[in-house]
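Descriptive structure summary
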Amino acid sequence: MSTAPAPDDRRDGILAAAISVFARYGFKKTSVEDIARAADISKQGLYLHFASKEDIFVACLKKYLVENHAAMELLLFREDAPLFARLVDAFDSWVGRYSESFSDENYDVIEASKRLSGGLMDEYKALFRASVAKALSASAEFKRTKNILAPKEVADVLLRLVESWKSERLPRPEFRKKIALAVRACVQIGG
């Protein structure tokens, strides 16, 4: 006997499908029909969970931000690596793994995120910045440097640098090199 998926499971399945469709086609070119087809649900069934394509997109964005922040924190606060490696890996997780994912076809998801997020993007940037500052503050390596900047200032500079490179759509290895250079310059440590 087969049972229907629980509403939360169905919603998660829709979001997983929608994320892949938005990533492939971008926001403008993705239709509700495309998402329904990818999620193996009728368009009417999709509307039982979400009111519009915009609602689906915002839910996808929130899912992405929550999961990405959790993954970044695991990298940033692990104890088996030096601060330099943790910072590079955390910034690469935050932005780098997506740096080469965007093409002219799907880049509009960045603009849609800014336009539709209602402050969600800023909230998660602030959480990320706070996590980096916390990791710096707790680091014996950072405390031994001759840094004149406070951890919050270093976190802010690094975040702004990394975000400015996001639009360049660099190959990931080149993006990681830039992150490493920024960490060495701002934190005065190197790997």
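This text goes with the structure placed above it.
Computed from a predicted structure; not experimentally measured. (Residues numbered from 1 in each chain as written. Predicted model: local features only at pLDDT ≥ 70, side-chain atom pairs only at ≥ 80, totals over all residues. Heavy atoms only, no water.)

Turning next to the nonpolar core. Core analysis: the largest hydrophobic core is formed by 35 residues, its most contacted members being Leu 87, Phe 91, Val 132, Leu 136, Leu 158, Val 183 and Val 187. At the level of elements, helix H4 (53-76), helix H5 (83-99), helix H7 (120-138), helix H9 (151-166) and helix H10 (172-187) are the ones that each hand at least two residues to this core. Grouped together as the second largest cluster of nonpolar side chains are 20 residues, Ala 17, Leu 46, Val 109 and Ala 112 included. (Core = buried A, V, L, I, M, F, W, Y, C linked by side-chain atoms within 4.5 Å. Buried < 20%, exposed > 50% of the residue type's maximum accessible area, 1.4 Å probe, protein only. Helix = DSSP H or I, 4+ residues; strand = E, 2+ residues; numbered from the N terminus.)

Our focus in this paragraph is unusual backbone geometry. With a phi angle near 55°, Asp 40 is a residue other than glycine that sits in the positive phi range. Structurally, Asp 40 is set in the loop between helix H2 (32-39) and helix H3 (43-49).

For the rest of this paragraph, the subject is the pattern of salt bridges. Applying the stated criterion across every chain, the model contains twelve salt bridges. For Asp 34, the salt bridge goes to Arg 37, with nearest N and O atoms at 3.3 Å. Taken together, the positions of Asp 34 and Arg 37, both in helix H2 and three residues apart, correspond to about one turn of that helix. Judged by its relative accessible area of 60%, Arg 37 is exposed. Among the salt bridges present, the one from Asp 156 reaches Arg 160, with a minimum N-O distance of 2.9 Å. Here Asp 156 and its partner Arg 160 are both found in helix H9, four residues apart, which amounts to about one turn of the helix. Because the salt bridges share partners, they merge into one network encompassing Arg 78, Asp 80, Asp 89, Asp 92, Arg 172 and Arg 176. (Salt bridge = Lys/Arg side-chain N within 4 Å of Asp/Glu carboxyl O.)

The next thing to look at is the packing of H4 against H7. Contact geometry for H4 and H7: axes closest at 11 Å, N-to-C directions at 5°. By the criterion of interaxial angle, the relationship of H4 to H7 is roughly parallel. Residues Val 58, Leu 61, Lys 62, Leu 65, Val 66, His 69, Met 72, Glu 73 and Leu 76 of H4 touch H7, and the partners they reach there are Leu 120, Met 121, Tyr 124, Leu 127, Phe 128, Ser 131, Val 132 and Ala 135. (Axes fitted to C-alpha atoms, helices over the stretch in contact; angles between N-to-C directions. Parallel < 35°, antiparallel > 145°, perpendicular 65-115°, else oblique. Contact = heavy atoms within 4.5 Å.)

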